[in-house]
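Structural overview for review
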Amino acid sequence: MTGSELTSQLFSNPQEVTFLAGDACLYSVVKRSALSLGWKLISESAPEKAKKNCHVIWVDRAFVNDKLFLSIQPWQRINHFAGMTNICRKTRLAQNLEVMRKKFPHEFAFYPPTFILPQNFAALKHLFVNGLSKHPFIIKPDGSAQGKGILITKSIMDVENIQTLCVAQEYIRNPLLIDNKKFDLRIYVLVMSCSPLRLYLFRDGLVRMCTEEYQRPNSRNMGDRCMHLTNYAVNKRSEKYEREEGTDAKAGLGSKRSISWLLSWLSEERSEDEAKALWSKIGDICVMTLLSILPTLQREYANVWTEQKDTSPADEKLGQSQCFEILGFDIMVDSTLRPYLIEVNHLPSWGTESPLDDSIKSRVITQALKALNVKSSDKKLFESARKKQSRIRLRNQSAGYTIDSARDHANLQSNTDDIDGNVRMIKRQQPIFFESNSAERRIQAIYAKYAPDKMSCVPRLLNRFRGYEEWLVMKVQSKYEPKKECDADEGSYSSNDSACSSHEHQNPLGTQELKFQEEERILEGYDRIYPPIAHGRISPSRFKEMEEYISEVDALHQRRLLCPLQQIRCTRDDPTIQDGWSRADGWIGGNIHIRQAKKQPIIKKPPTKKQIEFADRLSRGFSVGDVDISRSSWERRKMRLLHHDFLNEEINPFYQLIDRVTRIRELSNEARQRAEKKLSKKLETGVAVKHHVVDLKLSIDPCLSIREEKFYLKKNL
């Protein structure tokens, strides 16, 4: 596309969807994909207001400012999830997968043994004998890309002085080879939503090959980067790099090929079933990797957009998530067709240096943007809905309404002023927290079904428990209505408004199938991998176990972060309390990373008879603590304390005090006698006493005199 054609597209119909193609949008294939959908590109030189009001925001930079996420409106979309770096950083990826591997060792064996340096250097050192290891390790810096800073070694001397954060990963020694050359796969995964999680796997991708024939790593060839590293940025500089010169994905020529060609090649070399099994395993790897950080993604998403989501007018339409992301998974396959996850990229390169790149990447981006279901009227719909809610809220505040009652009487609010006045009059006669008429209807319905003989008692009950109607309804329901329970393999739930559906419990994913059909129709080049299909390698129930386990681990981790330094811990003997108790349980406080969850409303209970008596005594100025103590009992207690001449003296508190004083006096008398004897001996022998302090009531002979803080004995002549 020429510059004049691109400029004409920038100033097209203002009713079109706008796409922010500023300095953060680095690749031309992204802009061409947006233009192919008929969207309007907003450049960096556009007015600030136009850039803030774009429907879709695309960022190709590693650092995404938090202010950018906070400024996103409910009708806007951005191509990143907050918290995705937890798998895109090599160290965090290793930590999260290791947590899941402890619980699911068989499923999470797709990641090579990895050590985080320098923290895990001691554990890594045990694998070296006399400073050398049997198997080579590949050392990768944590935040590096394009093969920068990578080292392959068998010597502990090469890693013991490393101070920067990096990972030491066991080298895959028996990789699958194409034309005797090592290769890896670039897999594209589209994350449409995190709550609930929706993942799609693109049915094609890139096969990136080395330019040197593979040999097992040894001291002579470990420095050959073009033999052991499959990064495109490394091999494109080699003289042996073969550039593909066509758009045919099944040509099988060049140093970069398509995954569709690889699967067809495997079908011929091995079998079609093995090729399908490999592709299915790759999809499971992508799902399990994202499940390892699912609670983090959901929490970070809720921190920014939970409040906005409640006011969004497009909750029911397709693509309600305000974030989407295309991840690049790097997969390596060994000679037994076992795939290994190498790393995850949240900023995959969208450069189109070859026709094959342009063919694959343009389809990946175009279909992903189309699936967002963005419309030019989204902003107007949101603004009109927000204004309508503001008008309702102001009207309710002036009339004394709550939000729930305003929704119940929405039809009355749209009538004339006379009807509005009648509604306000009726509202003033009703309780603020609960509607007594509704309580009466619910109690009458329960009694009519389970206890018809008590229908006449309803007015008396409501009069007795006035102000506590909600508590009364809860008690009546718990007494008469049976509990609704639905047991199934995948889970169970109960509802007060509708009966349980056994079909939905047997297949909880079935209720969402209609929602996914339109999305799958748009994403014609993708396969849905989560929610999983019923006949996959890993059952949906197993994925559900993984999701529940990582949620429990994350909840425990959050409690530890929020727990104050000083805790009140319970005893382990209490069976009702699990995992101890502290002041941090249920407390969010001022933590900026976690938003306070909406608490369930507390149902007030009517006061008991004892509470009423206490309140009456407090209102008259008496103490509540003396209610149960009569005058006679207090007199008996007083006599027992003052008079200890009875049989059970051991239980008298004064007896213990008197015994202690007696023993102390006896000990002091013995000490005084010893001191007197010692002093009398010194006086008889005429020895000077220096700095000898005697704090005893003794009669001192007048013949003693003090001179320069010394005592001398003078004989009385």
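Shown above is the structure to which this text applies.
Notes on the structure in this doc start here. (Residues numbered from 1 in each chain as written. Predicted model: local features only at pLDDT ≥ 70, side-chain atom pairs only at ≥ 80, totals over all residues. Heavy atoms only, no water.)

1. Comments concerning the overall build of the protein
Broken down by element type, the protein carries 26 helices and 18 strands. When burial is assessed residue by residue, the protein has 39% of its 717 residues classed as buried. If you take every contact in the protein between residues at least 6 apart in sequence, the share linking residues at least 24 apart comes to 64%. By element, 51% of the accessible surface of the protein is carried by carbon and sulfur atoms, the whole surface being about 43900 Å². (Helix = DSSP H or I, 4+ residues; strand = E, 2+ residues; numbered from the N terminus. Buried < 20%, exposed > 50% of the residue type's maximum accessible area, 1.4 Å probe, protein only. Contact = heavy atoms within 4.5 Å. Areas by Shrake-Rupley, 256 points an atom, 1.4 Å probe, with all protein chains shown as cover.)

2. Focus on the pattern of salt bridges
Using the criterion set out here, one finds 24 salt bridges in the structure. Note that Arg-101 is salt-bridged to Glu-98, the shortest N-O span being 3.5 Å. In this pair, Arg-101 and Glu-98 are both assigned in helix H6 (residues 90–103), three residues apart and thus about one turn of the helix distant. As a salt-bridge pair, Arg-542 and Glu-545 come within 2.8 Å of each other at their nearest N and O atoms. Taken as a pair, Arg-542 and Glu-545 lie in helix H23 (residues 540–562) at a separation of three residues, close to a single helical turn. According to the relative accessible area criterion, Glu-545 is partly exposed, its value standing at 38%. A network of salt bridges, in which partner residues are shared, links Asp-184, Arg-186, Arg-208 and Asp-330. (Salt bridge = Lys/Arg side-chain N within 4 Å of Asp/Glu carboxyl O.)

3. Topic: the nonpolar core
Counting 71 residues, the largest nonpolar core has Leu-185, Ile-187 and Leu-341 as its most contacted members. Counting residues per element, this core draws most heavily on helix H11 (residues 272–291), which supplies ten residues. When neighbours within four sequence positions are excluded, Leu-341 is seen to be in contact with Leu-93, Leu-97, Phe-110, Tyr-111, Pro-112, Ile-285, Thr-289, Phe-329, Asp-330 and Ile-331. Counting residues in each nonpolar core, the second largest holds 34 residues, with Phe-19, Leu-190, Ile-360 and Ala-371 among its members. (Core = buried A, V, L, I, M, F, W, Y, C linked by side-chain atoms within 4.5 Å.)

4. What to know about the sheet that holds strand S5 (residues 114–117)
Across the sheet, which stays open at both edges, the four strands sit in the order S5-S8-S6-S7 with antiparallel pairing between neighbours. The open sheet is flanked by S5 and strand S7 (151–155), the only strands paired with a single partner. Taken pair by pair, the neighbouring strands of this sheet meet at an average axis angle of 30 degrees, ignoring direction. The pairing of S5 with strand S8 (residues 166–170) spans four bridges and is antiparallel. (Pairing = 2+ DSSP bridges. Axes fitted to C-alpha atoms, helices over the stretch in contact; angles between N-to-C directions.)

5. Section: the layout of surface pockets
Its volume calculated, the largest pocket comes out at about 1400 Å³. The wall of the largest pocket is formed by 49 residues, among which Ala-145, Asn-345, His-346, Leu-347 and Pro-348 lie closest to the centre. Grouping the amino acids of the lining of the largest pocket by side-chain chemistry returns 20 nonpolar, twelve polar and 17 charged. (1 Å grid on protein atoms, 1.4 Å probe; cavity = no way out; pocket = protein on both sides within 12 Å on 5 of 7 lines; lining within 4 Å. Points joined across faces, edges and corners; volume = space filled by probe spheres on them. Nonpolar A, V, L, I, M, F, W, Y, C, P; charged D, E, K, R; others polar.)

6. Topic: a positive patch on the surface
There is a patch of like positive charges on the surface, built from Arg-386, Lys-387, Lys-388, Arg-391 and Arg-395. Its place among the elements puts Arg-395 in helix H14 (residues 378–399). Judged by its relative accessible area of 38%, Arg-395 falls in the partly exposed class. (Patch = residues over 30% accessible without salt bridge, like charges linked within 9 Å, V, L, I, M, F, W, Y side chains within 5 Å. Lys, Arg positive; Asp, Glu negative; His and termini not counted. Charge placed at Lys NZ, Arg CZ, Asp CG, Glu CD.)

7. Comments concerning the packing of aromatic side chains
Scanning the model with the defined rule gives 14 aromatic pairs in all. Aromatic pair Phe-104 and Phe-108: ring centres 6.4 Å apart, planes at 40 degrees, arrangement tilted. Like Phe-108, Phe-104 is buried. Residues Phe-115 and Phe-137 carry aromatic rings whose centres are separated by 6.4 Å and whose planes lie at 65 degrees to one another, so their mutual orientation is edge-to-face. (Phe/Tyr/Trp six-rings, centres within 6.5 Å; stacked < 30°, edge-to-face > 60°.)

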